[in-house]
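Report on the structure
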Amino acid sequence: IDKTTIKGSQFQKPYLEFSGACEGCGETPHVKLLTQLFGERLVIANATGCSSIWGASNPSFPYTVNHKGEGPAWANSLFEDNAEFGFGMRRAFQQRRDYLALQVGETLKDESVKMSEKLQKLLSQYLVM
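Residues numbered from 1 in each chain as written. Predicted model: local features only at pLDDT ≥ 70, side-chain atom pairs only at ≥ 80, totals over all residues. Heavy atoms only, no water.

Let us now look at the overall build of the chain. Counting its secondary structure elements, the chain contains 5 helices and 2 strands. Relative to the 2.2 N^0.38 estimate, which gives 14 Å for 129 residues, the radius of gyration of the chain is 19 Å and therefore markedly larger than a compact globule would have. With 129 residues in all, the chain has 21% of them scored as buried. Residue pairs in contact within the chain that sit at least 24 positions apart in sequence constitute 56% of those at least 6 positions apart. Accessible surface, the chain: about 9600 Å² in total, of which carbon and sulfur atoms supply 58%. (Helix = DSSP H or I, 4+ residues; strand = E, 2+ residues; numbered from the N terminus. Rg over C-alpha atoms; globule rule 2.2 N^0.38 Å. Buried < 20%, exposed > 50% of the residue type's maximum accessible area, 1.4 Å probe, protein only. Contact = heavy atoms within 4.5 Å. Areas by Shrake-Rupley, 256 points an atom, 1.4 Å probe, with all protein chains shown as cover.)

Moving on, we get to the environment of Leu78. Along the chain, Leu78 turns up in the loop between β2 (73–77) and α4 (82–109). For Leu78, a relative accessible area of 54% gives the class exposed.

Moving on, we get to the side chain of Ser51. Within the fold, Ser51 resides in helix α3 (residues 50–54). On the basis of relative accessibility, which here comes to 10%, the residue Ser51 falls in the buried class. Of the polar contacts made by the side chain of Ser51, one reaches the side chain of Asn46; its length is 2.7 Å. Among residues more than four places away in sequence, those in contact with Ser51 are Glu27, Asn46, Ala56 and Trp74. (Polar contact = N/O pair within 3.5 Å; in protein donor to acceptor, adjacent residues only side chain to side chain.)

Moving on, we come to the layout of surface pockets. Taken as a whole, the largest pocket holds about 260 Å³ of empty space. When its residues are assigned to classes, the lining of the largest pocket shows 5 nonpolar, 1 polar and 3 charged. (1 Å grid on protein atoms, 1.4 Å probe; cavity = no way out; pocket = protein on both sides within 12 Å on 5 of 7 lines; lining within 4 Å. Points joined across faces, edges and corners; volume = space filled by probe spheres on them. Nonpolar A, V, L, I, M, F, W, Y, C, P; charged D, E, K, R; others polar.)

Below, the structure is given as structure tokens:
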């Protein structure tokens, strides 16, 4: 089943097990769907409000992890600037990826670094992505 379809997404593991949200809360089904679509790669830049209460009240935490211990990343911004907060998180991810690509490119050019042809091909493909 294609997991990118509406039906197929419902067969993916949800990383939202439970929540302390109010009965009939419309927010939790959306977050559950996001966890099914993006899994452990999901990054949530949350605004202060209901979702910060049901999403991060100790000792309960509704998000779960996979068999590797990886799950959605969640952070809360206190001042209702979660769009800017999330944009900053995205910029930080991109900065790290760009730096990794720079290091991979320099390593591929360095003739003193010995690596198999298969690894060279894979690293070259990474740079194209």
